[in-house]
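The residues making up each chain are set out below.
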Amino acid sequence: MSDLLRLATAGSVDDGKSTLVGRLLYDTKSVLADQLDAVTRASVDKGLSTPDLSLLVDGLRSEREQGITIDVAYRYFATGKRSFVLADTPGHVQYTRNTVTGASTAQLAILLVDARKGVIEQTRRHAAVLALLGVPNLVLAVNKIDLVGYDEGVFETIAQEFAAHADKLGYPMGSVLSVPVSALVGDNVVEPSANTPWYAGPTLLDHLETVAVQPDPHEAPLRFPVQYVIRPRTAEHPDYRGYAGQVAAGTVRVGDRVTVLPSVVAGGLTTTVERIDTPDGELTEAVAGQSVTLLLADDLDVARGDLIAAADAPPAVTDEFAATLAWLADKPLRTGARVLVKHGTRTVPAIVAAVDARFDEQALSVVDAPDGLSLNEIGLVTLRTAEPLPLDDYADSRRTGAFIVIDNADGTTLAAGLAGTPLPGT
Amino acid sequence: MAEAPDKLDNLDALESEGIHIMREVAGEFDRPVILFSGGKDSTLLLHLAVKAFWPAPVPFPLLHVDTGHNFDEVIDFRDRMVERYGVRLVVAHVQEWIDDGRLEERPDGTRNPLQTVPLLDTITANKFDAVFGGGRRDEERARAKERIFSLRNAFGQWDPRRQRPELWNLYNGRHRAGEHVRVFPLSNWTELDVWRYIEREKIELPSIYYAHKREVYQRDGMWLTSGPWGGPRDGEAVFPKMVRYRTVGDGSCTGAVESEALTVSDVIAEVQASRLTERGATRADDRLSEAAMEDRKREGYF
């Protein structure tokens, strides 16, 4: 069985991310002849002697003209062992929001550094963002190793400096793999390189194919945001009432005691899961990631936006909470801002009651009482919502601890929100 | 009854994601519609919609932008699907826009680029606020940058610099009056995933997706067939060949590929061995310029 690994790339501009992605696609034979022809033609037009593999992924005209990546590009490749969805994110500081986007769903991130420059400010910024968003696996690709003469000492210095930094971010020593690569030439991307005899580790692709990806924890308490109420009202199904959704965390089994939140009744209304339905037949249980329809034993007032949760381990239901925001909009955040919060399948009006602190992702410390947050800044806030939300701490659940902040006026997505204060290194 | 798997396989994960997206749209929009050409990707969309709301009927109508340059097999198939699933079909006939002068026939006779205006007019007239498309990010470089929820202004335009960050699976469907959102539930599927899923779910497709004998002529490196859009020009010889189609579009610019693939598993073997993308192999409209797809997306095409 071939499974799916979602990964993201990060790193500074000119570190060669697009070239590395192009190399992965090219060397896994995911690039077809007509795409390669187009790239070869365009490379000749630019006066290059070898195909510029970054042109495979830089899809927008202004990207090709400027030779930079502006927007997240999603790429797909598969080997005999795994299918990969890769979010290639831009390196410029002003596009850090795209790193947040790519990291939000990634199970693994490849962070690139230029072997000539080593760990720089943008490396630390991206590492902090990846850690904040809870990306479970991190790989450091020390790129352009050919340009430092395949020097083991240069590689080791960078790898050790980064490992020490990653340790502070919650990636313990030994958990981050560092690989010396040249995306341009292909060293250690797919094929082991004869130029780095001192490197005994796996190639980048070997690692991607074999790294153990922690599945969404099945033992976690059940969280099931109701997306839609299915009521056919047909002759065949006159009284059918099913709650459609995707299991966000944990496992649901027939007979489980569950609570529906939020509720007018303190503590929520409790009932039993009577049936787990799918068009392919009933299930005895369903796990995180599966889309199913739940039928409950009692006729409760359940609607889109409600959360069906394990009765013995429900989340806190609150209308005032501490949260961490990664601010993604040009328009700055000011204390008192009125916004919308989308959590699970519920969208509620909210007020940013206080901006409590800003996270300094270089020093890994908090700076007290800023007057707001600007684009790409990460801060701690207190939010007050018009209706209570059933919230888990983001550190416990990436799915049900996450929310987005939306501009009430123009609908823009303003921020990535994480319930609680999962700041790495502080 | 089945127990849960330890981990979801690739197709299970993609199916679940697609169903989740469809249910989000049903929950948050007033008037969604599925763009339905009868091609394999839109047929897969319909299949996901059926599964997402079962045992209730699909809560969206279908919209077909009909260039008039159709393959009969595809129109028959479209009508049978409408009948089978009891969905409403809205058809925008490009011919009507040509007849009343809102559009002009192109000198090359191709009508694919003419679809944009009837599509936008029909979206406006029906007040559709969410429009499902079968676009996949693996198809083309500009599509690789597309969001799953893609906001369009009243002119249907895509502005890559105004795209919203798409975080976790929390989709933002907010839009102002007159704007709409294009939704792409198959964003993360590849051509091979689509075929493997068609095989697994035993999804019926129009017969032209499988190898059949057809009279074809060669133009611009593609095998075209005669139809209401015209036929071979002087000097273009016609050959009987075993062919199949990898995409379904306007008959004047959709080429067939030589193929012996009679079954889904034959097609999968062929796709795996292919050295050309499906659009590069068969779609003249994508070859117009290096940025052909980006330009058409900006204009409001998918």
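Definitions and cut-offs
- Residues numbered from 1 in each chain as written.
- Chains lettered and ligands numbered in written order.
- Predicted model: local features only at pLDDT ≥ 70, side-chain atom pairs only at ≥ 80, totals over all residues.
- Helix = DSSP H or I, 4+ residues; strand = E, 2+ residues; numbered from the N terminus.
- Contact = placed C-beta atoms within 7 Å.
- Rg over C-alpha atoms; globule rule 2.2 N^0.38 Å.
- Buried ≥ 20, exposed ≤ 12 C-beta atoms within 10 Å, placed from the backbone.
- UniProt positions renumbered as here; feature names shortened; annotations may be inferred.
- Pairing = 2+ DSSP bridges.
- Axes fitted to C-alpha atoms, helices over the stretch in contact; angles between N-to-C directions.
- Left-handed = near helix turned anticlockwise from the far one by under 90°.
- Domains from an automatic or database assignment.
- Nonpolar A, V, L, I, M, F, W, Y, C, P; charged D, E, K, R; others polar.
- Expected span 1.5 Å × (residues − 1).
- Arc of directions from axis to C-beta.
- Parallel < 35°, antiparallel > 145°, perpendicular 65-115°, else oblique.

A.B. asks: Can you walk me through the overall build of chain B in this structure?
C.D. replies: Along the backbone of chain B there are 9 helices and 10 strands. In chain B, once contacts between residues fewer than 6 apart in sequence are set aside, the share between residues at least 24 apart is 76%.

A.B. asks: Is there a simple way to think about the overall build of chain A in this case?
C.D. replies: In terms of helices and strands, chain A carries 7 helices and 24 strands. In summary, chain A has a C-alpha radius of gyration of 24 Å against a globular reference of 22 Å for 426 residues, a match within 12%. If you line up chain A on its principal axes, its C-alpha atoms span 70 × 55 × 40 Å. Long-range pairs, those at least 24 residues apart, make up 69% of the contacts in chain A with a sequence separation of at least 6.

A.B. asks: Even after reading the chapter, I still don't get the environment of Arg219(B), so can you show me in this structure?
C.D. replies: Residue and element names in this part refer to chain B. With respect to the helices and strands, the residue Arg 219 is situated in strand β7 (residues 212-219). Using a count of 15 C-beta atoms within 10 Å as the deciding quantity, one classes Arg 219 as partly exposed. Taking the C-alpha atoms as reference points, Arg 219 and Glu 191, separated by 28 residues in sequence, lie 25 Å from one another. For Arg 219, the residues in contact, after removing those within four places along its chain, are Leu 224 and Glu 236.

A.B. asks: Whenever I open this one, the UniProt feature "domain: Phosphoadenosine phosphosulphate reductase" (unreviewed entry) in chain B confuses me. Can you help?
C.D. replies: With numbering aligned to this structure, UniProt lists the feature "domain: Phosphoadenosine phosphosulphate reductase" (unreviewed entry) at residues 32-255 of chain B. Taken end to end, residues 32-255 of chain B comprises 25% helix and 20% strand; its first and last C-alpha atoms sit 31 Å apart.

A.B. asks: When you look at the sheet that holds strand β4 (residues 108-114) of chain A in this model, what are you seeing that I'm missing?
C.D. replies: Within a sheet, each strand pairs with its neighbour through backbone hydrogen bonds, oriented either parallel or antiparallel. All names here are of chain A. Taken in spatial order, the 6 strands line up as β2-β3-β1-β4-β5-β6 in an open sheet, and their pairing is mixed. The sheet is open, and its two borders are formed by β2 (73-78) and β6 (177-180), each paired with just one other strand. Strand-to-strand twist in this sheet, taken as the mean axis angle between neighbours without regard to direction, amounts to 25°. Across 6 bridges, β2 lies against strand β3 (residues 82-88) in antiparallel orientation. If you follow Phe 77 over to β3, its bridge partner there is Phe 84. Packed onto the sheet, helix α5 (residues 121-132) meets β1 (3-11), β4 and β5 (137-143) and runs at close to 175° relative to β4.

A.B. asks: Can you walk me through the packing of helix α4 (residues 96-105) of chain A against α5(A) in this structure?
C.D. replies: Think of two packed helices as two axes; the pair is described by the angle between the axes and how far apart they sit. All names here are of chain A. Two elements in contact, α4 and α5, have axes separated by 9 Å at closest approach and are oriented at 35°. Along this stretch, α4 crosses α5, giving a crossing that reads as right-handed. On α5, the residues that touch Thr 96, Thr 99, Val 100 and Ala 103 of α4 are Arg 125, His 126, Val 129 and Leu 130.

A.B. asks: Is there a simple way to think about the sheet that holds strand β8 (residues 228-230) of chain A in this case?
C.D. replies: Residue and element names in this part refer to chain A. With antiparallel pairing, the 7 strands of this open sheet are ordered in space as β7-β15-β11-β12-β14-β9-β8. Edge positions in the sheet fall to β7 (223-225) and β8, since each of these pairs with one other strand and no more. Pairs of neighbouring strands in the sheet enclose a mean axial angle of 40°, with direction left out of account. As paired strands, strand β12 (residues 269-277) and strand β14 (residues 291-296) are joined by 4 bridges and run antiparallel to one another. Pairing of Ile 276 across the sheet is with Leu 294, part of β14.

A.B. asks: It is not clear to me how the domain arrangement of chain B should be interpreted in this structure. Could you clarify?
C.D. replies: Interface size, as often reported, equals the accessible area lost upon joining of the parts. Residues and elements named next belong to chain B. Each domain of chain B was delimited in the assignment, giving domain 1 (11-193 + 292-299) and domain 2 (205-287). Between the C-alpha centres of domain 1 and domain 2 there is a distance of 23 Å. Those elements that place two or more of their residues in the side of domain 1 that touches domain 2 are α2 (40-53), α3 (72-85), α6 (191-201) and α9 (292-299). Considering each element in turn, the side of domain 1 that touches domain 2 owes the most residues, 3 residues, to α3. Tallied by class, residues from the side of domain 1 that touches domain 2 come to 7 nonpolar, 11 polar and 6 charged.

A.B. asks: I'm lost on the pairing of strand β18 (residues 338-343) of chain A in this one. Help?
C.D. replies: Where a strand is regular, its side chains alternate between the two sheet faces. Residues and elements named next belong to chain A. Among the 6 residues in β18, 5 count as buried, and that is most of the element. Of the strand pairs in this sheet, β18 and strand β19 (residues 346-360) are connected by 6 bridges, and their pairing is antiparallel. Bridge pairing in β19 places Val 341 opposite Val 348. In this antiparallel pair of consecutive strands, β18 and β19, the connection spans 2 residues, and Gly 344 shows a positive phi of 60°. As defined by bridge partners, β18 adjoins strand β23 (residues 402-406) across 4 bridges and the pair is classed as antiparallel. Bridge assignment links Val 341 to a residue of β23, and that residue is Val 405.

A.B. asks: Is there a simple way to explain the interface of chain B and chain A in this structure?
C.D. replies: Tallying the contact residues gives 49 residues for chain B and 62 residues for chain A. Mapped onto the side of chain B that touches chain A, the elements with two or more residues apiece are α1 (10-28) and α2 of chain B. Counting residues per element, the side of chain B that touches chain A draws most heavily on α1(B), which supplies 9 residues. Counted by class, the side of chain B that touches chain A contains 20 nonpolar, 12 polar and 17 charged residues.

A.B. asks: Would you take a moment to explain the domain arrangement of chain A for this structure?
C.D. replies: Residues and elements named next belong to chain A. When cut into domains, chain A gives domain 1 (3-210), domain 2 (223-310) and domain 3 (316-419). A C-alpha centroid distance of 30 Å is found between domain 1 and domain 3. Contact with domain 1, which involves 12 residues of that partner, is made by 10 residues of domain 3. A total of 5 residues in the side of domain 1 that touches domain 3 trace back to one element, the largest contributor, which is α5. Class assignment for the residues of the side of domain 1 that touches domain 3 results in 4 nonpolar, 3 polar and 5 charged.

A.B. asks: Is there a simple way to explain α3(B) in this structure?
C.D. replies: Residue and element names in this part refer to chain B. For α3, which comprises 14 residues, the first-to-last C-alpha distance of 20 Å matches the rise-based estimate of 20 Å (1.5 Å per residue) to within 8%. Looking at α3, one finds that the buried residues are Val 74, Phe 77, Arg 78 and Met 81. One face of α3 carries all of its buried residues, which in axial projection span an arc of 105°. Turned more than 90 degrees off the buried face of α3, the exposed positions are Asp 72, Asp 79 and Glu 83. For α3, the secondary structure elements touched by its buried residues are α2 and β2 (62-66). Of the residues flanking the end of α3, it is Gly 86, one or two places downstream, whose phi is positive at about 60°.

A.B. asks: What is the right way to read the packing of α6(B) against helix α7 (residues 264-273) of chain B from this model?
C.D. replies: Residues and elements named next belong to chain B. One can describe the packing of α6 onto α7 by two numbers: an axis separation of 10 Å at closest approach and a directional angle of 165°. Judged by the inter-axis angle, α6 sits roughly antiparallel to α7. Two packed elements cross with a definite hand, and for α6 against α7 that hand is left-handed. Contacts from Glu 191, Leu 192, Trp 195, Arg 196, Ile 198 and Glu 199 in α6 reach Val 264, Ser 265, Val 267, Ile 268, Val 271 and Gln 272 in α7. Grouping the constituent residues of the contact of α6 with α7 by class yields 7 nonpolar, 2 polar and 3 charged.

A.B. asks: Would you take a moment to explain α4(A) for this structure?
C.D. replies: An α-helix turns once per 3.6 residues; consequently, residues spaced three or four apart project the same way. Residue and element names in this part refer to chain A. Most of α4 is tucked away: 9 of the 10 residues are buried. Of all the positions in α4, only Thr 96, Arg 97, Asn 98, Thr 99, Val 100, Thr 101, Gly 102, Ala 103 and Ser 104 are classed as buried. On its buried side, α4 packs onto β1, β3, β4, α5, β16 (316-327) and β24 (413-419).

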